[in-house]
Amino acid sequence: MRNFILVAVAGIAGFAGCAVGATDSTGQGSEGLTGGIAGRLTNGNGGPIAGATVQIQGYQIVTTMTDANGNYALPGLATTGHTVTATLPNCTFSPASVANVYPGGIVNFRGSGSGCP
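Residues numbered from 1 in each chain as written. Predicted model: local features only at pLDDT ≥ 70, side-chain atom pairs only at ≥ 80, totals over all residues. Heavy atoms only, no water.

A. The arrangement of the nonpolar core in detail. Formed by 20 residues in total, the largest nonpolar core has its most connected members in Leu41, Tyr72, Val84 and Phe109. Elements that contribute at least two residues to this core include exactly strand 2 (33–42), strand 3 (53–57), strand 5 (71–78), strand 6 (82–87), strand 8 (97–101) and strand 9 (105–112). Top contributing element to this core by residue count: strand 5, with 3 residues. If we ignore the near neighbours within four places in the chain, the residues touching valine 84 are Ile37, Val54, Gln55, Ile56, Tyr72, Ala96, Ser97, Val98, Val101, Val107 and Phe109. (Core = buried A, V, L, I, M, F, W, Y, C linked by side-chain atoms within 4.5 Å. Buried < 20%, exposed > 50% of the residue type's maximum accessible area, 1.4 Å probe, protein only. Helix = DSSP H or I, 4+ residues; strand = E, 2+ residues; numbered from the N terminus. Contact = heavy atoms within 4.5 Å.)

B. Representation of the pairing of strand 9 within the structure. For strand 9, a buried count of 6 out of 8 residues is recorded, marking the element as mostly surrounded by other parts of the structure. In this sheet, strand 9 lies alongside strand 7 (residues 92–93) in antiparallel orientation, the contact comprising 2 bridges. In the sheet register, phenylalanine 93 faces strand 9, and the bridge partner there is glycine 111. (Pairing = 2+ DSSP bridges.)

C. Expanded view of the packing of aromatic side chains. In this structure the tally under the stated criterion is 1 aromatic pair. When the centroid spacing of 6.1 Å and the interplanar angle of 75° are considered together, the rings of phenylalanine 93 and phenylalanine 109 count as edge-to-face. Of this pair, phenylalanine 93 sits in strand 7 while phenylalanine 109 sits in strand 9, and the two are 16 residues apart along the sequence. For the residue pair phenylalanine 93 and phenylalanine 109, the accessibility class agrees, reading buried in each case. (Phe/Tyr/Trp six-rings, centres within 6.5 Å; stacked < 30°, edge-to-face > 60°.)

Here you go:
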């Protein structure tokens, strides 16, 4: 398996009703923010991709990095649809973005290339 993306949307226990004091791209607080998006980045062998950047853009733009197990989670997002993008130098995620993801969604990316551990 070379480049592909797996997307599954399901409820995430603990994210519903979550507001953790995040700020959006305008510096506004978390009022009206009610859910989260999470997932995992893996390489072609199913191993974790740690240290990759995941950006979620919708009402606000928020960014996080994957942990040692390739996991990320961003709680406290607005209830609008978001675009989720994964990036890491010299690693290709195909496609690099998934649109119309709503809080409670899970987006898993699979990457390939010389930069993917």
